[in-house]
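# Residue-level structure breakdown
Each chain is listed here by its residues.
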Amino acid sequence: MKNKATYNLLKTAQGQLNKAIQMMEDDRYCIDISNQLLATVALINKANKQVLQNHLYTCVQKAAKDNDLEPKLEEVSALLDKIIK
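Residues numbered from 1 in each chain as written. Predicted model: local features only at pLDDT ≥ 70, side-chain atom pairs only at ≥ 80, totals over all residues. Heavy atoms only, no water.

## Points about the side chain of threonine 6
- By secondary structure assignment, the location of threonine 6 is in helix α1 (residues 4-25).
- We classify threonine 6 as buried; its relative accessible area is 7%.
- In this view, threonine 6 contacts Ala47, Gln50 and Val51; residues no more than four positions away in its chain are not counted. (Helix = DSSP H or I, 4+ residues; strand = E, 2+ residues; numbered from the N terminus. Buried < 20%, exposed > 50% of the residue type's maximum accessible area, 1.4 Å probe, protein only. Contact = heavy atoms within 4.5 Å.)

## Some remarks on unusual backbone geometry
- Non-glycine residue aspartate 27 carries a positive phi angle of around 55 degrees.
- Along the chain, the position of aspartate 27 falls in the loop between α1 and α2 (30-65).
- Assessed through its relative accessible area of 69%, aspartate 27 is described here as exposed.
- Even without being glycine, asparagine 67 reaches a positive phi, approximately 55 degrees.
- In this structure, asparagine 67 sits in the loop between α2 and α3 (69-83).

## Let's talk about the pattern of salt bridges
- Overall, the coordinates contain 2 salt bridges when judged by the stated rule.
- Note that lysine 62 and aspartate 66 form a salt bridge whose closest N and O atoms lie 2.6 Å from each other.
- For lysine 62, a relative accessible area of 52% translates into the label exposed.
- By relative accessible area, aspartate 66 is classed as partly exposed at 46%.
- Residue glutamate 75 is joined to lysine 72 by a salt bridge in which the shortest nitrogen-to-oxygen separation is 3.7 Å. Taken as a pair, glutamate 75 and lysine 72 lie in helix α3 at a separation of 3 residues, close to a single helical turn.
- The exposure class of glutamate 75 is partly exposed, given its relative accessible area of 41%.
- Assessed through its relative accessible area of 23%, lysine 72 is described here as partly exposed. (Salt bridge = Lys/Arg side-chain N within 4 Å of Asp/Glu carboxyl O.)

## Thoughts on the environment of aspartate 32
- As for its placement among the helices and strands, aspartate 32 is situated in helix α2.
- Residue aspartate 32 is classed as partly exposed on the basis of its relative accessible area, which comes to 34%.
- Sequence separation between aspartate 32 and asparagine 45 is 13 residues; the distance between their C-alpha atoms is 20 Å.

## A closer look at the packing of α1 against α2
- Their axes nearest at 9 Å, the elements α1 and α2 cross at an angle of 160 degrees. In terms of orientation, α1 and α2 fall into the roughly antiparallel class. By crossing handedness, the relation of α1 to α2 is classed as left-handed. Each of Ala5, Thr6, Leu9, Leu10, Thr12, Ala13, Gln16, Leu17, Lys19, Ala20, Met23 and Met24 in α1 lies in contact with α2, whose residues at this interface are Asp32, Ile33, Gln36, Leu37, Ala39, Thr40, Leu43, Ile44, Lys46, Ala47, Gln50 and Val51. (Axes fitted to C-alpha atoms, helices over the stretch in contact; angles between N-to-C directions. Parallel < 35°, antiparallel > 145°, perpendicular 65-115°, else oblique. Left-handed = near helix turned anticlockwise from the far one by under 90°.)

Shown next as structure tokens:
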């Protein structure tokens, strides 16, 4: 496992998503379910940020040292297109 902190964020998000599913099954108040989902999304976004930062400081940095940066820049650019629509 590369990053325990990111792993822990994802496991927490998984627990929160399971809680949201349980809340739906229990016919809980819609706003409460939505708040649970927003908290889950926030954790997933934070984990994704950590994954991308790790990528920059490992894979992209290595590609720069190896003079093979262009493919990594294209990957990051394509990902930014997905994130920022």
